[in-house]
Amino acid sequence: MTEETEQEAAYVCVRCRRDVSLNPIKDRIVCPKCSERVILKKRPKTPKRVVAR
Ligand SMILES: [Zn+2]
């Protein structure tokens, strides 16, 4: 049972290779850095983000 979370999905722009956090449902899929429309979804290695102190 896979459930999409409300968290920001991890995407990467194919042009500038920058990490892009966006909501494809609410936001347009476009890179905020270079306006590239081709954004690849990437799988996070870890489900939770570890906050470095
Ligand atoms: Zn970009």
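This text follows the structure it describes.
Since the model is a prediction, treat every value here as computed from it, not as a measurement. (Residues numbered from 1 in each chain as written. Predicted model: local features only at pLDDT ≥ 70, side-chain atom pairs only at ≥ 80, totals over all residues. Heavy atoms only, no water.)

**Q** How should the coordination of the zinc ion be read in this particular structure?
**A** For a metal with four tetrahedral donors the ideal donor-metal-donor angle is 109.5 degrees, whereas six octahedral donors ideally subtend 90 or 180 degrees. For the zinc ion, the full set of protein donor atoms is Cys13 (SG), Cys16 (SG), Cys31 (SG) and Cys34 (SG), and the range of their distances to it is 2.2 to 2.3 Å. In this structure, the zinc ion is surrounded by four donor atoms whose angles at the metal cover 103 to 115°, and the resulting shape is tetrahedral. Taking the relative accessible area as the measure of exposure, Cys16 reaches 29% and is therefore partly exposed. (Donors = N, O, S within 2.8 Å, 3.2 Å for Na, K, Ca; no water. Tetrahedral: all angles 85-135°; square planar, octahedral: opposite > 155°, others 65-115°. Buried < 20%, exposed > 50% of the residue type's maximum accessible area, 1.4 Å probe, protein only.)

**Q** Sorry if this is basic, but what is going on with the pattern of salt bridges here?
**A** Close approach of charged atoms allows side chains of opposite charge to pair. Inspection of the entire model under this criterion finds two salt bridges. Between Glu36 and Arg15 there is a salt bridge; the shortest N-O distance is 3.0 Å. Of this pair, Glu36 sits in the loop between β2 (19-22) and β3 (39-41) while Arg15 is found in the loop between β1 (9-13) and β2, placing the two residues 21 residues apart along the sequence. For Glu36, a relative accessible area of 13% corresponds to the buried category. (Salt bridge = Lys/Arg side-chain N within 4 Å of Asp/Glu carboxyl O. Helix = DSSP H or I, 4+ residues; strand = E, 2+ residues; numbered from the N terminus.)

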